[in-house]
Amino acid sequence: SKETQSAIEALPDAAKAELKALASPYLRTSLPQPIKDVQADASKTCVQRVQESIDAIMKSEGDLDACIEILSESALKIAAEADAKLAEGGTRRPLEGVPLLVKGNVDYAGTLSTAAMEGFAGWKPTTTAPVVQKLVDAGAIPVAKTTLPEAAFGMWGWSKLHGLTKNPFNSRYTAGGSSTGS
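These notes cover the structure that comes with them. On a predicted model such as this, the values are computed, not experimentally measured, just so you know.

### Observations concerning the overall build of the protein
- Each helix and strand counted, the protein has 6 helices and 7 strands in total.
- Reading the protein from its N terminus to its C terminus gives the helix and strand order α-α-α-α-β-α-β-α-β-β-β-β-β.
- Overall, the protein is about 55 × 45 × 25 Å in size when its C-alpha atoms are taken along their principal axes.
- Counting the 182 residues in the protein, one finds 33% classified as buried.
- Looking at the protein as shown, the accessible area adds up to about 11,200 Å², and 59% of this sits on carbon and sulfur atoms.
- Of the side chains in the protein, 19 bear a positive and 21 a negative charge, and the two mean positions are spaced by 3 Å.

### Looking at the sheet that holds strand E3 (residues 141–146)
- Taken in spatial order, the 3 strands make up an open sheet running E1-E3-E2, and their pairing is mixed. Every other strand in the sheet has two partners, leaving strand E1 (67–70) and strand E2 (99–103) as the edge strands with one partner each. On average, each strand axis in the sheet is inclined to that of its neighbour by 35 degrees, with strand direction left out of account.
- Note: E2 against E3, 5 bridges, orientation parallel. Bridging across to E3, Lys103 finds its partner in Thr146.

### Points about the environment of Ala66
- Turning to its location among the elements, Ala66 is positioned in the loop between helix H4 (46–64) and E1.
- Taking the C-alpha atoms as reference points, Ala66 and His162, separated by 96 residues in sequence, lie 9.1 Å from one another.
- Those residues in contact with Ala66 that sit more than four places away from it in its chain are Glu61, Lys145, Thr146, Thr147, Thr165 and Gly181.

### A look at the pairing of E3
- Of all 6 residues in E3, 6 are buried, a share of seventy percent or more.
- Here E1 runs beside E3; their pairing, made up of 3 bridges, is antiparallel. Its bridge partner lying in E3, Glu69 is registered against Lys145.
- Taken together, E2, helix H6 (residues 130–137) and E3 form a β-α-β motif whose crossover is right-handed.

### Let's talk about H4
- With 19 residues, H4 extends 26 Å between its outermost C-alpha atoms, agreeing within 8% with the 27 Å of an ideal straight helix rising 1.5 Å per residue.
- At Met58, H4 shows its maximal bend, which comes to roughly 30 degrees.
- Turning to H4, its buried residues are Cys46, Arg49, Val50, Ile54, Ile57, Glu61 and Leu64.
- Two residues or fewer past H4, Asp65 is found with a positive phi of approximately 55 degrees.

### Some remarks on the pairing of strand E7 (residues 170–174)
- Across 2 bridges, the pairing between strand E6 (residues 166–167) and E7 is antiparallel. Bridging across to E7, Asn167 finds its partner in Asn170.
- Connecting E6 to the antiparallel partner E7 that follows it, the hairpin turn spans 2 residues.

### Here we look at unusual backbone geometry
- Its identity as a non-glycine residue notwithstanding, Ala115 has a phi of 55 degrees, on the positive side.
- Locating Ala115 in the fold gives a position in the loop between E2 and H6.
- A positive phi is found at Ala152, a non-glycine position, where the angle reads about 60 degrees.
- Checked against the element boundaries, Ala152 lands in the loop between E3 and strand E4 (158–159).

### A few points about the side chain of Glu69
- Mapped onto the fold, Glu69 is located in strand E1.
- For Glu69, a relative accessible area of 16% puts it in the buried group.
- One polar contact links the side chain of Glu69 to the main-chain amide nitrogen of Leu112, over a distance of 2.6 Å.
- Apart from residues no more than four positions distant in its own chain, Glu69 is found in contact with Thr111, Leu112, Lys124, Ala144 and Lys145.

What counts, and at which threshold
- Residues numbered from 1 in each chain as written.
- Predicted model: local features only at pLDDT ≥ 70, side-chain atom pairs only at ≥ 80, totals over all residues.
- Heavy atoms only, no water.
- Helix = DSSP H or I, 4+ residues; strand = E, 2+ residues; numbered from the N terminus.
- Buried < 20%, exposed > 50% of the residue type's maximum accessible area, 1.4 Å probe, protein only.
- Areas by Shrake-Rupley, 256 points an atom, 1.4 Å probe, with all protein chains shown as cover.
- Lys, Arg positive; Asp, Glu negative; His and termini not counted.
- Charge placed at Lys NZ, Arg CZ, Asp CG, Glu CD.
- Pairing = 2+ DSSP bridges.
- Axes fitted to C-alpha atoms, helices over the stretch in contact; angles between N-to-C directions.
- Contact = heavy atoms within 4.5 Å.
- Right-handed = clockwise from strand over helix to strand, strands pointing away.
- Expected span 1.5 Å × (residues − 1).
- Bend = angle between axes of the 7 residues up to and from the residue.
- Polar contact = N/O pair within 3.5 Å; in protein donor to acceptor, adjacent residues only side chain to side chain.

By themselves, these are just geometric observations and shouldn't be taken as functional.
Here it is, written out as structure tokens:
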């Protein structure tokens, strides 16, 4: 918050340096680019963006257990189609090629929508939720379905069906909340 930033700025330089050193393992080294900047950056194709996303998920998935399903094949296919359309001079949609994570209780046709409930362990809907469909229609590409506590109800990052989702900053803790995998 602005109030916190002002308080930090008021600290002596030595205290600011100590605070920065203590916090550095928990801070991102760089902030994500706003979508408008990503869209304006023609140095990466949709396939490259999606592949980077999938690679990041795969690199940490064994440690975090944040996803119930990784959609590599379909995501890369959609990304390749988007790149081909753009190469032919097609219009770039607002979210063209932006990787998207879909929570495990939100339907995306043909993917797991378990809601972390054992009764839905293998359920794959044939339709897509309107909220996801609007993002897909705008060009976003679903790359994974994420974990959640059972029925998205709880403050912990655990379900009997999917196990424990760990906090990426400290694996002794859960990620917590109803959007645990996100």
